[in-house]
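Here is what each chain is made of, one letter per residue.
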Amino acid sequence: MNHWLIKSEPASYSWDDLVRDGGTEWDGVRNPTARINLRAMAVGDLAFFYRSVTEPAVVGIVRVSRTAQPDPRDDKWVSVRVEPVRPLAPVTLKTIKADPALAAMELLRQSRLSVAPVRPEEWTHLKGLAEAG
DNA sequence: GCCAACGTTGGC
DNA sequence: GCCAACGTTGGC
C-alpha cells in the first residue's frame, strides 16, 4: 500500500466538509506532477489530509475509495474518490519542518505540490506525532 | 526551442 | 499584504 498527502484550503474544502459529505471526488487538481500521483493511487491507499494556508497542518487521514478517472469537465485531468478515516490531532507545518525524521518529505521539498507521496517511515512517524499529541 | 511576462499557490 | 517558488503562455 502506498501513502500520500493531499492538500486543501479550508475555505474551499475543509476536513469538516469531508466528514459531513462522508466522501468526495478529489477533483480540480491541475498540476502534471500531482496528476501522476493521483493516477498511482490504489483503492485502500491512505493519505494525510493537509490543511493549507490557514494554520497549515496535517489534520486527518483519508482512504482512497476509487482510482483515478477522467474529469468529466476536462478529460486531460483526473480525479480519485476519497473518504474520511479519522481526524488527527493537528501536526503543524512548523512541527514537520522542525523534525529531522520528516526533513525529506515532498511536502517540504516541493511546497506547491497538492498531491504528494509520503514514505512509509514518514507516514508512521508523523502519525505517531499526532497520536502522542 | 528559448525566455520574459504573468498567474497561482501557499507560507509568513 | 508580501513575496518566493514554480507552472503556463506567448512572442520571437
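Residues numbered from 1 in each chain as written. Chains lettered and ligands numbered in written order. Predicted model: local features only at pLDDT ≥ 70, side-chain atom pairs only at ≥ 80, totals over all residues. Heavy atoms only, no water.

Enquirer: What am I meant to see in the protein's contact with DNA strand C here?
Expert: Every residue lining DNA strand C is accounted for by N31, P32, Q110 and R112. Taken together, the sugar and phosphate atoms account for 50% of what DNA strand C places within 4 Å of the protein. The side chain of Q110 places a nitrogen or oxygen atom 3.3 Å from a phosphate oxygen of DNA strand C. Taken together, the residues that form the surface near DNA strand C break down as 1 nonpolar, 2 polar and 1 charged. (Near = heavy atom within 4 Å. Polar contact = N/O pair within 3.5 Å; in protein donor to acceptor, adjacent residues only side chain to side chain. Nonpolar A, V, L, I, M, F, W, Y, C, P; charged D, E, K, R; others polar.)

Enquirer: Just checking my understanding: could you explain the protein's contact with DNA strand B for this structure?
Expert: DNA strand B sits among K7, Y50, S52, V53, P56, L93, K97, S111 and R112. Counting only the atoms of DNA strand B that lie within 4 Å of the protein, the sugar and phosphate share comes to 84%. Within the backbone of V53, one N or O atom sits 2.7 Å away from a phosphate oxygen of DNA strand B. Taken together, the residues of the surface near DNA strand B sort by class into 4 nonpolar, 2 polar and 3 charged.

Enquirer: Looking at this model, I keep getting lost on the packing of aromatic side chains. Mind explaining?
Expert: The way to describe two aromatic rings as a pair is by their centre distance and the angle between their planes. Tallied over the entire structure, the rule returns 4 aromatic pairs. Here F48 and W123 contribute two aromatic rings whose centre-to-centre distance is 3.9 Å and whose plane-to-plane angle is 20 degrees, an arrangement assigned as stacked. Highlighted residues: F48 in strand β3 (residues 46–51) and W123 in helix α5 (residues 120–132), separated in sequence by 75 residues. Judged by its relative accessible area of 0%, F48 falls in the buried class. A connected cluster of aromatic rings, assembled from ring pairs, spans Y13, W15, W26 and F49. (Phe/Tyr/Trp six-rings, centres within 6.5 Å; stacked < 30°, edge-to-face > 60°. Helix = DSSP H or I, 4+ residues; strand = E, 2+ residues; numbered from the N terminus. Buried < 20%, exposed > 50% of the residue type's maximum accessible area, 1.4 Å probe, protein only.)

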